[in-house]
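Here are the chains, one letter per residue:
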Amino acid sequence: MKIGLLRGLKDIKENISFNLETPISEIAAVIKEKSIGAVPIIDDQNKLIGIVSERDIVTKMVVEARDADLTTAQEIMTKEIISANLDDDLEQTIGVMKSKNIRHMPVTDSDGKLTDFFSIRDFLNAEIKSNQQVSQKHKNVVKYQITASALLLIILRPLPVRWPISFCWSFP
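Since we're looking at a predicted model, the values are computed, not measured. (Residues numbered from 1 in each chain as written. Predicted model: local features only at pLDDT ≥ 70, side-chain atom pairs only at ≥ 80, totals over all residues. Heavy atoms only, no water.)

All chains considered together, the criterion is met by three salt bridges. Measuring nitrogen to oxygen at the nearest pair gives 3.3 Å for the salt bridge that ties Lys 60 to Asp 56. Of the two residues, Lys 60 and Asp 56 both sit in helix H2 (residues 54-62), four residues apart, roughly one turn of that helix. For Glu 75, the salt bridge goes to Arg 66, with nearest N and O atoms at 2.9 Å. (Salt bridge = Lys/Arg side-chain N within 4 Å of Asp/Glu carboxyl O. Helix = DSSP H or I, 4+ residues; strand = E, 2+ residues; numbered from the N terminus.)

And the structure:
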């Protein structure tokens, strides 16, 4: 399955992003309101340049007692980003996320422009949906097999011969 198929299964359909100069207080408010764990940071050409996560806010803002209204995304964002492409394989991408301990995967086009931003939750929901579809297909196959078997039994079973009374002979 390709990552592009996740678009229809995503919990939050809108892509939320911010620029370098956005105050952390604004980003934190959106993270809280939307119940998300991270947001991509893009430049004026929509190119991905960083990510601000809840972890960034806690470790770089709260622990250091910085003012969220005066600190911008540029100051605390994670700059070393691993991203995926819409044509990448879902299973391989999940493998990368597991091995690198990544909870959010930005998806970019060939020019580095942000197209989507998926969380591990989106990947898990896709996997669950895929498994449900496979399960439903198996159920349909079993129903078909049972119906076909029952029909064959009905068709191939010899029918009892019932003679009308007028054809019955009586012997002395």
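H2 packs onto helix H1 (residues 24-34) with a crossing angle of 140° between their chain directions and a minimal axis gap of 11 Å. With respect to H2, the axis of H1 lies oblique. As for how H1 packs across H2, the hand of that crossing is left-handed. From H1, Ile 24, Ala 28 and Ile 31 reach across to H2, where they touch Glu 54, Ile 57 and Met 61. Its residues assigned to classes, the contact of H1 with H2 shows five nonpolar, no polar and one charged. (Axes fitted to C-alpha atoms, helices over the stretch in contact; angles between N-to-C directions. Parallel < 35°, antiparallel > 145°, perpendicular 65-115°, else oblique. Left-handed = near helix turned anticlockwise from the far one by under 90°. Contact = heavy atoms within 4.5 Å. Nonpolar A, V, L, I, M, F, W, Y, C, P; charged D, E, K, R; others polar.)

This part is about H2. Those residues of H2 lying buried are Asp 56, Ile 57 and Met 61. Taken down its axis, H2 places every buried residue within 95° of arc, on the same side. Lining the buried residues of H2 we find H1, strand E2 (48-53) and helix H3 (73-76). (Buried < 20%, exposed > 50% of the residue type's maximum accessible area, 1.4 Å probe, protein only. Arc of directions from axis to C-beta.)

Turning our eyes to something else, we now look at the pairing of strand E1 (residues 38-42). Extensive coverage of E1 is indicated by the burial of five of its five residues. Note: E1 against E2, five bridges, orientation antiparallel. Bridge pairing in E2 places Ile 41 opposite Gly 50. Hairpin remark: E1 followed by E2, antiparallel, with five residues in the connecting loop; positive phi at Asn 46, about 70°. (Pairing = 2+ DSSP bridges.)

Grouped together as the largest cluster of nonpolar side chains are 15 residues, with contacts concentrated most on Phe 18, Ile 24, Ile 27, Val 39, Ile 41, Val 52 and Ile 57. Counting residues per element, the ones that place at least two in this core are H1, E1, H2 and H3. Examining the composition of this core, we find that four residues originate from one element, H1, more than from any other. With near-sequence residues (within four places) excluded, Ile 57 lies in contact with Ile 24, Ala 28, Ile 31, Val 52, Val 62 and Ile 76. Judged by nonpolar contacts, the second largest core, of 12 residues, contains Ile 3, Leu 90, Ile 94 and Val 107. (Core = buried A, V, L, I, M, F, W, Y, C linked by side-chain atoms within 4.5 Å.)

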